[in-house]
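Commentary on secondary and tertiary structure
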Amino acid sequence: MNPLDPKEFRRQGHMIIDFLADYYQNIGKYPVLSQVEPGYLKNLMPEFAPLSPEPIETILQDLQQHIVPGITHWQSPNYFAYFPSSGSTAGFAGEMLSTGFNLVGFNWVSSPAATELESIVMDWLGQMLNLPKAFLFSGSGGGVLLGTTCEAILVTLVAARDKMLSQIGRESICELVVYVSDQTHCAVQKAAHIIGIHPKNIRVIKTIKSTSFTLSPESLSSTIQTDVQNGLVPCYLCVTVGTTSTTAIDPLGPLCMVAKKYGMWVHVDAAYAGSVCVCPEFRHFIDGIENANSFSFNAHKWFLTNLDCCCLWVKDPASVIKSLSTHTVYLENSATDSKRVVDYKDWQITLSRRFRALKLWLVLKSYGVVNLRNFLRSHVEMAKTFEGLVKRDKRFEIFVPRNLAVVCFRLLPSAVAKISNGGSKTEDVAKISNGGSKTENVAKISNGGIKLEDVANGINRRLLDSINGSGTVYMTHAVVGGVFVIRCAIGATLTHTTHVIMAWKTVQEHADAVLNY
Ligand SMILES: *Cc1c(COP(=O)(O)O)cnc(C)c1O
């Protein structure tokens, strides 16, 4: 057996590419959300691993027959769930090359090109985003490619913790406070938990609808003041540019001004929205970045770079390195000793690391800044189209103003109220809101036992289930300020305006059914 026989590699490699090309060609034919039941695969697979080899032809048949039905098709043009995971030929090619070389570039000497290309593309990308020079290698900062934003947050939080503790003493860890809003990604709380921030020292500041669920600098300031009066030490603030639920844009500049007074670390999590800041007309979302300490976005979300690829820039790499560097005899080498190289193992949690820069390099070279910008803009335009369609149907509302290519909408409580006043149809409301058939609940609605908002939440949830059960499109939800909203996140690479229009038609048809028209 030769598991890396070049002839067989070529033959099978071509077969896989053909398989995937056919997959992309036919992707619109599959239900976007996989419709299998939990445990479906166990019945289809043998109980034990095969003792003898099977040919690739049989394996691909198995794949098509058993695996593909259990896949939710994130690359489908009808995929509008969560955030996009926009793949591309360049992103795939970069991933393929990286996997092909299969090198482990933990430090410079383990593969100089892996480190140097990474530093170069991070500076390229930083320039595209018009980041201050202080974040770039050409200034005094630098960038690193991690797997995901969760890692970027953990890395920066560890650095922030140690930086603060070096000033106030290691025994003071119980005094450190981390600040987030109720819209901040749960990754921050998880990271705080991992690094030993006391749960009672995580401040989750409430946001409200009238300010589009953004973090208010005034709320932040008063929360910090109370903590300081109580002898606690503000350590880390996560500002979100493009929240996961509604793509709210926290006011970065004013928030940094508050944080600056206390010498705390500000991380800017722009996991989704960071990409679009390469367009000059959207760059203002990160105005004020010069006063932050670190900034990250996911190129694997909306930047044509196949999973995984999180771009993190820090102003003070030394603080990260101080927290995360390791020294072992077997990794000693003269390049490291010369202090003229970057050893990325000291910028991340793990030791081993992939050659992710290839992906980003291929994406940047293959499409160029101009096409990347236009690609992002096209999704924003499609979202405007979708938004316009929602606005024309008076049963619906746009729940929060659209910032980018995510539209948050719902059936209005008034549309729901209409059916509850429509005589015989009251029973449907009860069914919908409870999933049962107790008509006594209708009475509760009119007596105020169940609030109309709760009924609206139930019906919107039912509408979304109905849409996704059809397999035609896939959207997901958020609950903000107690309200259940449906999110239409546009950004799949294959999506065109026609798909967006069809998606809205699907929503309307299911709304007709759910409202029992
Ligand atoms: C998607 C997202 C994350 C998590 O990203 P991972 O790369 O999956 O860790 C964090 N923050 C925001 C704002 C996000 O939208």
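Residues numbered from 1 in each chain as written. Predicted model: local features only at pLDDT ≥ 70, side-chain atom pairs only at ≥ 80, totals over all residues. Heavy atoms only, no water.

- An unreviewed UniProt entry lists the protein under the name Tyrosine decarboxylase, with Vigna angularis var. angularis as the source organism.
- UniProt, in its Cofactor (unreviewed entry) section for the protein, records the words "pyridoxal 5'-phosphate".
- Its UniProt record, at the heading Sequence similarities (unreviewed entry), says of the protein: "Belongs to the group II decarboxylase family." (UniProt positions renumbered as here; feature names shortened; annotations may be inferred.)

Digging into the site of the ligand
- In the vicinity of the ligand there are 13 residues, among which Thr149, Cys150, Asp269, Asn298 and Lys301 approach most closely.
- In this structure, Thr149 approaches the ligand through a main-chain N or O atom, which is 2.9 Å from an oxygen atom.
- Note that an oxygen atom of the ligand is positioned 2.8 Å from one of the side-chain N or O atoms of Lys301.
- When the ligand sits alone it has 380 Å² of accessible area, and the protein chains cover 87% of it.
- Every element with two or more residues in the shell around the ligand is listed here: α5 (149-168) and α9 (299-302).
- A per-class count over the shell around the ligand returns three nonpolar, eight polar and two charged. (Near = heavy atom within 4 Å. Polar contact = N/O pair within 3.5 Å; in protein donor to acceptor, adjacent residues only side chain to side chain. Areas by Shrake-Rupley, 256 points an atom, 1.4 Å probe, with all protein chains shown as cover. Helix = DSSP H or I, 4+ residues; strand = E, 2+ residues; numbered from the N terminus. Nonpolar A, V, L, I, M, F, W, Y, C, P; charged D, E, K, R; others polar.)

Points about the sheet that holds strand β10 (residues 406-411)
- Strands sit in the order β1-β11-β12-β10-β9 across an open sheet of five strands; the sheet is mixed. Unpaired on one side and paired on the other, β1 (79-80) and β9 (396-398) mark the two borders of the sheet.
- In this structure, β10 lies alongside strand β12 (residues 483-489), joined through four bridges in antiparallel fashion. From the neighbouring strand, Phe409 faces β12, where its bridge partner is Ile486.
- Taken strand by strand, helix α12 (residues 357-392) contacts β9, β10, β11 (474-480) and β12, and its axis lies near 15° from that of β10. (Pairing = 2+ DSSP bridges. Contact = heavy atoms within 4.5 Å. Axes fitted to C-alpha atoms, helices over the stretch in contact; angles between N-to-C directions.)

Looking at unusual backbone geometry
- Each neighbour pair has its own omega, and for Leu307 with Asp308 the value is 0°, a cis peptide bond.
- Position of Asp308 relative to the elements: it lies in the loop between α9 and β8 (310-314).
- Although it is not a glycine, Asn102 adopts a positive phi angle of roughly 50°.
- Within the fold, Asn102 resides in the loop between α3 (89-101) and α4 (112-128).
- The residue Phe213 is not glycine, and still its phi comes out positive at about 60°.
- By the secondary structure assignment, Phe213 is in the loop between β4 (202-205) and α7 (217-229).

With respect to the domain arrangement of the protein
- Considered domain by domain, the protein is made up of domain 1 (6-81), domain 2 (117-350) and domain 3 (377-515).
- The distance between the C-alpha centroids of domain 2 and domain 3 comes to 35 Å.
- Every contact between the two is made by 20 residues of domain 2 and, on the other side, 18 residues of domain 3.
- Summed over both sides, the interface of domain 2 with domain 3 buries roughly 1500 Å², with 65% coming from carbon and sulfur. (Domains from an automatic or database assignment. Buried area = accessible area lost by both parts, 1.4 Å probe.)

Some remarks on the packing of helix α16 (residues 452-470) against helix α17 (residues 497-514)
- At their nearest, the axes of α16 and α17 sit 9 Å apart, and the two run at 125° to each other. As summarised for this structure, α16 and α17 are arranged oblique, according to the angle between their axes. In this structure, α16 crosses over α17, and the sense of that crossing is right-handed. Along its contact with α16, which presents Ile459, Arg462, Leu463, Ser466, Ile467 and Ser470, the element α17 presents Thr506, Val507, His510, Ala511 and Val514.
- Among the residues making up the contact of α16 with α17, the classes are represented as six nonpolar, four polar and one charged. (Parallel < 35°, antiparallel > 145°, perpendicular 65-115°, else oblique. Left-handed = near helix turned anticlockwise from the far one by under 90°.)

Concerning the packing of α4 against α12
- In contact at an axis separation of 9 Å, α4 and α12 are set at 25° when each is read in the N-to-C sense. When the interaxial angle is binned, α4 and α12 end up roughly parallel. As α4 packs across α12, the resulting crossing turns out to be left-handed. Between α4 and α12, the residues in contact are Ala114, Leu117, Glu118, Val121, Trp124, Leu125 and Met128 and Ala357, Leu358, Leu360, Trp361, Leu364, Val369 and Leu372, respectively.
- Taken together, the residues that form the contact of α4 with α12 break down as 13 nonpolar, no polar and one charged.

Quick word on helix α10 (residues 317-324)
- Buried within α10 are the following residues: Pro317, Ser319, Val320, Ser323 and Leu324. Looking straight down α10, one finds its buried side chains confined to an arc of 160°; they lie on one side.
- Of the surrounding secondary structure, the elements contacted by the buried residues of α10 are β2 (142-146), α5, β6 (265-269) and β8. (Buried < 20%, exposed > 50% of the residue type's maximum accessible area, 1.4 Å probe, protein only. Arc of directions from axis to C-beta.)

Side note on the sheet that holds β2
- Within the open sheet, the seven strands sit side by side as β2-β8-β7-β6-β5-β3-β4. Their pairing is mixed. One side of each edge strand has no neighbouring strand; the edge strands of this open sheet are β2 and β4. Going across the sheet, the axis of each strand differs from the next one's by a mean of 20°, ignoring polarity.
- The sheet contact formed by β2 and β8 spans five bridges and is antiparallel. By the bridge assignment for β8, Gly142 is matched with Val314.

Overview of the pairing of β6
- Counting buried positions over the five residues of β6 gives five, a clear majority of the element.
- Alternating positions in β6 separate into two faces, Trp265, His267 and Asp269 on one and Val266 and Val268 on the other, with burial throughout.
- Considered for its hand, the β-α-β crossover made up of strand β5 (residues 233-240), helix α8 (residues 252-260) and β6 is right-handed. (Right-handed = clockwise from strand over helix to strand, strands pointing away.)

Topic: the environment of Arg410
- Position of Arg410 relative to the elements: it lies in strand β10.
- The class for Arg410 is buried, based on a relative accessible area of 4%.
- A polar contact of 2.6 Å, which involves the side chain of Arg410, links it to the side chain of Glu397.
- Within the structure, Arg410 has its side chain in polar contact with the side chain of Glu453 (distance 2.9 Å).

Concerning the UniProt feature "modified residue: N6-(pyridoxal phosphate)lysine" (unreviewed entry) in the protein
- The sites that UniProt annotates as "modified residue: N6-(pyridoxal phosphate)lysine" (unreviewed entry) are Lys301.
- Examined against the element boundaries, Lys301 turns out to sit in helix α9.
- What makes Lys301 buried here is its relative accessible area of 16%.
- Leave out the neighbours within four places in its chain, and Lys301 touches Phe83, Pro84, Ser85, Ser86, Ala271 and Tyr272.

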